[in-house]
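What follows is the residue order along each chain.
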Amino acid sequence: MATTEFSVHKRDLQFVLYEQLNIEDLCKLPAYSECNKELFEMVIDEAIKVATDNLAPMNKLGDEIGAKFDNGVVTMPDEFKAAYGGFAEGGWIGMSQNPDFGGQGLPNSLKYTIAEIFSGANVAFYLTQSLTEGAAHLIEKYGTDELRKLYIERMYTGQWAGTMCLTEPSAGSDVGNLKTTAKKEGDHYIISGTKSFITAGEHDFTENIIHAVLARIEGAPAGTRGISLFVVPKFLANEDGSLGERNDMFCGNIEHKMGMKSSPTCTLNFGDEGKCKGWLLGEENRGMTLMFQMMNEERLLVGMQGLSLATVAYNSALAYSLERSQGAELGAKADAPRVNIIRHPDVRRMLIHMKAFVEGMRSLFLAVATYIDRSEKSEDEQERAKYQNLVELLTPLCKAYGTDMGFRVNEMAIQVFGGYGYCQEYPVEQYLRDQKISSLYEGTNGIQALDLLGRKIARNKGEFLKQFLAIVMERLGEAKGITGLAEMAGKLEKSVGMVGKIATDLAVGMGKDPAYAMLHATPFLELFGHVATAHYLLDGACVAQEAFDVIAEREGAIDDAARTKLVADNDEAAFYHGRVASARFFIASILPHAHAMAEAAEAMDRSALDIRFFEES
């Protein structure tokens, strides 16, 4: 079983970061002037070591033991608590945040690279740390000087943890219907209500947990327009950071779940005795607007969970296929020797399918991370606006597409294992169970589809989408001039046109028949996701093909036979060849399904979805 354990494909990370996305260019920005490739490599190597030596070995243990609840107290496995101390001391929690508050000031593109590594090793463990960072960043941006001084550095350094508290028992995704209230009392508010499904809402990693809580101030308007955001600590803190009395908020229970069992999902009760203190962040009635900062950060990280678990599932399936012996070579005699299952065509079909999705989504996610860096740190205002538009457009796509496709990759990995994949002897069944929640929390993927179509496309008359498709078309023009890529570019060009046309039709349709337009939101997101992934795969293939041609010229591999031998003998040539093969498979085999899906959506008979049909049946 050893070869199916956790591993990181560092070479592909390096390819995406340095060759495809050129993140060394970020070091030209003043904010990252002290960064360089050597530093990036050192951080990545250390992350791989932490993930391999500390986090991955306790992933199965966390699944078996899980978080324990007893009379309001949540206890984590001892191994998790020990690992947390070293993780916090390593500076991983605030690695991309402001050094003035205990952060490391590193690029987001590096942070998301590390997030893939850590989430793949132990997603339940890493989730708590990402929420702490997000909550601290909220306080940094919207808190008073007093709140910043008291909380931020203690959170970025891991002394205290953090959460986000939106969901309530009577208002799941319908946040505007929340019942939690806030009543002004001196310099603070009294918070009263119940929040459910709060990830890491209670645990014993840290001495204090700082909750970002949505509540409605007495007399505020109904719906999301009347929601405010509050900092509510588990323990009240003195000015010097020492802990005072316990705040009037307690954990009522934790959920018993399909997966992520060592990530406590809590019900939190605020103000049972009318004494729960909270402090306002930002202005009254602006809570949802402010919370979207953290929500969007978490949505990208949840999408990264989809990629991370797909990656480790693929790595495990590949390793298993190379060691599992079953059946003879295709066409061999009955008494022929048994071969490893990677020799069977259908297994290789599944492996290239998984490989293409993993590599394409990795390029997509890390590209978005570089867009975040430029939207925040560029000195040019127009450039900041351009990249912010791309981030806003692609965030719901990353969250929904990354988790949906990640789950499908996990499913296919189990198929490669056969019956063993269904058993706990191997890790892929846990990856699948841990994966599923990612399409549900931080806004279900249906909500992401509505956000993409309604807010990110229709509301700005498709301007963000036009900007992105213009980037795609420019790269397609370049790909047509590279030997071997012109046919792929032509196929993708047709798909790009389809995305533009359908987006326009749906955006216009929203004004005439919103329900019918929304009916197509999820199929459209998947179509757009396929096209975006194909773009980043083709973009990578352009880089890889040019690098391969340089090696081939250097080695004198001119004809097809010599190039085939080069792939067999030269690891770098084989890597670049594999990257091109992933793009070719995806564009030839996955995009046609997207076209068929788009045609089926256009032909959908709305009458078949009449609610009376379901009521009568």
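Here, the structure is the one placed above.
Every value quoted in this text rests on a predicted model; they were computed, and no experiment measured them.

**Student:** Describe the overall build of the chain, listing the residues and the values that go with them.
**Tutor:** Looking only at helices and strands, the chain features 18 helices and 14 strands. What you see for the chain is a C-alpha radius of gyration of 25 Å, in line with the 25 Å of a compact globule of 617 residues. Over its C-alpha atoms, taken along the principal directions, the chain stretches across nearly 80 × 60 × 55 Å. Only carbon and sulfur atoms are counted for the fraction: they give 51% of the accessible area of the chain, which is about 25900 Å². Separation between the mean location of the 61 positive side-chain charges and that of the 86 negative ones in the chain comes to 4 Å.

**Student:** Any details on the packing of aromatic side chains? Residues and values, ideally.
**Tutor:** Under the criterion given, the structure shown has 22 aromatic pairs. Measuring from ring centre to ring centre gives 5.7 Å for Phe-468 and Phe-528, while their planes differ by 85°; the resulting arrangement is edge-to-face. Placement of the pair is Phe-468 in helix H12 (residues 463–479) and Phe-528 in helix H15 (residues 521–555), with a sequence separation of 60 residues. The exposure class assigned to Phe-528 is buried, which follows from its relative accessible area of 0%. Grouping aromatic residues by their ring pairs yields a cluster made of Phe-80, Tyr-84, Phe-87, Trp-92, Phe-118, Phe-125, Tyr-126 and Phe-205. Positioned above the aromatic ring of Trp-160 is the side chain of Arg-154, whose terminal nitrogen or guanidinium carbon lies 5.4 Å from the ring centre.

**Student:** Account for the packing of H12 against helix H13 (residues 486–512), naming residues and giving values.
**Tutor:** Contact pair H12 / H13: the axes reach a minimum separation of 9 Å and the direction vectors enclose 165°. Classed by the angle they form, the pair H12 and H13 counts as roughly antiparallel. In the packing of H12 onto H13, the handedness of the crossing is left-handed. Contacts between H12 and H13 involve Leu-465, Leu-469, Val-472, Met-473, Leu-476 and Ala-479 from the former and Ala-486, Ala-489, Leu-492, Glu-493, Val-496, Val-499, Gly-500 and Ala-503 from the latter.

**Student:** Tell me about the packing of helix H5 (residues 108–142) against helix H7 (residues 287–323), and please be specific about residues and values.
**Tutor:** It is at 9 Å that the axes of H5 and H7 come closest, and there the two elements cross at 175°. One way to sum up the angle between H5 and H7 is to call them roughly antiparallel. Looking at the contact of H5 with H7, its residues break down into 17 nonpolar, nine polar and four charged.

**Student:** Explain the pattern of salt bridges residue by residue, including any values.
**Tutor:** A side chain with one charge can pair with a side chain of the opposite charge if their charged atoms come near. Counting across every chain of the model gives 33 salt bridges. Put simply, Glu-19 and Arg-11 hold a salt bridge, and the shortest N to O gap is 2.9 Å. Classification of Glu-19 by relative accessible area gives partly exposed; the value is 27%. When its relative accessible area of 18% is taken as the criterion, Arg-11 is described as buried. Measuring nitrogen to oxygen at the nearest pair gives 2.9 Å for the salt bridge that ties Arg-433 to Glu-429. Of this pair, Arg-433 and Glu-429 both sit in helix H10 (residues 428–436), four residues apart, which is roughly one turn of that helix. Neither Arg-433 nor Glu-429 differs from the other in exposure class; each is buried. Beyond isolated ion pairs, a larger network of salt bridges with shared partners links Asp-12, Glu-116, Lys-355, Glu-359, Arg-362 and Arg-579.

**Student:** How would you explain the environment of Ala-336 if you had to name every residue and give the values?
**Tutor:** When you line up the elements, Ala-336 lands in the loop between strand E13 (325–328) and strand E14 (338–340). Given the relative accessible area of 16%, Ala-336 is considered buried. Sequence separation between Ala-336 and Ser-96 is 240 residues, and the spatial gap between their C-alpha atoms is 56 Å.

**Student:** An account of the pairing of strand E7 (residues 227–233) is needed here, citing residue identities and associated values.
**Tutor:** With seven of its seven residues buried, E7 lies for the most part within the structure. Of the two faces of E7, both are covered, the one formed by Ile-227, Leu-229, Val-231 and Pro-233 as well as the one formed by Ser-228, Phe-230 and Val-232. Across seven bridges, strand E6 (residues 209–217) lies against E7 in antiparallel orientation. Considered in E7, the bridge of Ile-210 is made with Pro-233.

**Student:** Break down unusual backbone geometry for me, citing the residues and quoting the values.
**Tutor:** Even without being glycine, Asn-22 reaches a positive phi, approximately 55°. With respect to the helices, strands and loops of the structure, Asn-22 is situated in the loop between helix H1 (10–20) and helix H2 (37–55). On the basis of relative accessibility, which here comes to 36%, the residue Asn-22 falls in the partly exposed class. Despite not being glycine, Met-260 shows a phi value in the positive range, around 50°. With respect to the helices, strands and loops of the structure, Met-260 is situated in the loop between strand E10 (249–254) and strand E11 (265–270). A relative accessible area of 4% places Met-260 in the buried class.

**Student:** Describe the pairing of strand E9 (residues 243–246), with residues and values.
**Tutor:** The sheet contact formed by strand E8 (residues 235–237) and E9 spans two bridges and is antiparallel. Counted as the bridge partner of Phe-235 is Arg-246 from E9. The turn joining E8 and E9, which pair antiparallel and follow one another in sequence, is formed by five residues; a positive phi near 90° is taken by Gly-241.

**Student:** Lay out the side chain of Ser-495 with the relevant residues and their values.
**Tutor:** As for its position among the elements, Ser-495 is in helix H13. In this view, Ser-495 contacts Val-531, Leu-591 and His-595; residues no more than four positions away in its chain are not counted.

**Student:** Talk me through helix H9 (residues 381–417); I want residue IDs and the actual numbers.
**Tutor:** Along its 37 residues, H9 runs 51 Å from first to last C-alpha, staying within 8% of the 54 Å computed at 1.5 Å per residue. Of all the bends in H9, the greatest reaches close to 35° and is centred on Leu-394; the proline Pro-396 follows between one and four positions later. Its side-chain oxygen at 3.0 Å from the backbone nitrogen of Gln-382, Asp-380 defines the N-terminal cap of H9. Just past H9, the residue Gly-418 takes up positive phi, approximately 70°.

**Student:** Explain the side chain of Ser-196 residue by residue, including any values.
**Tutor:** Positionally, Ser-196 belongs in strand E5 (residues 188–199). When neighbours within four sequence positions are excluded, Ser-196 is seen to be in contact with Thr-167, Glu-168, Pro-169, Cys-266 and Thr-267.

The rules behind the values
- Residues numbered from 1 in each chain as written.
- Predicted model: local features only at pLDDT ≥ 70, side-chain atom pairs only at ≥ 80, totals over all residues.
- Heavy atoms only, no water.
- Helix = DSSP H or I, 4+ residues; strand = E, 2+ residues; numbered from the N terminus.
- Rg over C-alpha atoms; globule rule 2.2 N^0.38 Å.
- Areas by Shrake-Rupley, 256 points an atom, 1.4 Å probe, with all protein chains shown as cover.
- Lys, Arg positive; Asp, Glu negative; His and termini not counted.
- Charge placed at Lys NZ, Arg CZ, Asp CG, Glu CD.
- Phe/Tyr/Trp six-rings, centres within 6.5 Å; stacked < 30°, edge-to-face > 60°.
- Buried < 20%, exposed > 50% of the residue type's maximum accessible area, 1.4 Å probe, protein only.
- Lys NZ or Arg CZ within 6 Å of the ring centre and 35° of its normal.
- Axes fitted to C-alpha atoms, helices over the stretch in contact; angles between N-to-C directions.
- Parallel < 35°, antiparallel > 145°, perpendicular 65-115°, else oblique.
- Left-handed = near helix turned anticlockwise from the far one by under 90°.
- Contact = heavy atoms within 4.5 Å.
- Nonpolar A, V, L, I, M, F, W, Y, C, P; charged D, E, K, R; others polar.
- Salt bridge = Lys/Arg side-chain N within 4 Å of Asp/Glu carboxyl O.
- Pairing = 2+ DSSP bridges.
- Expected span 1.5 Å × (residues − 1).
- Bend = angle between axes of the 7 residues up to and from the residue.
- Polar contact = N/O pair within 3.5 Å; in protein donor to acceptor, adjacent residues only side chain to side chain.

Remember, this is a structural readout, not a statement about activity or role.
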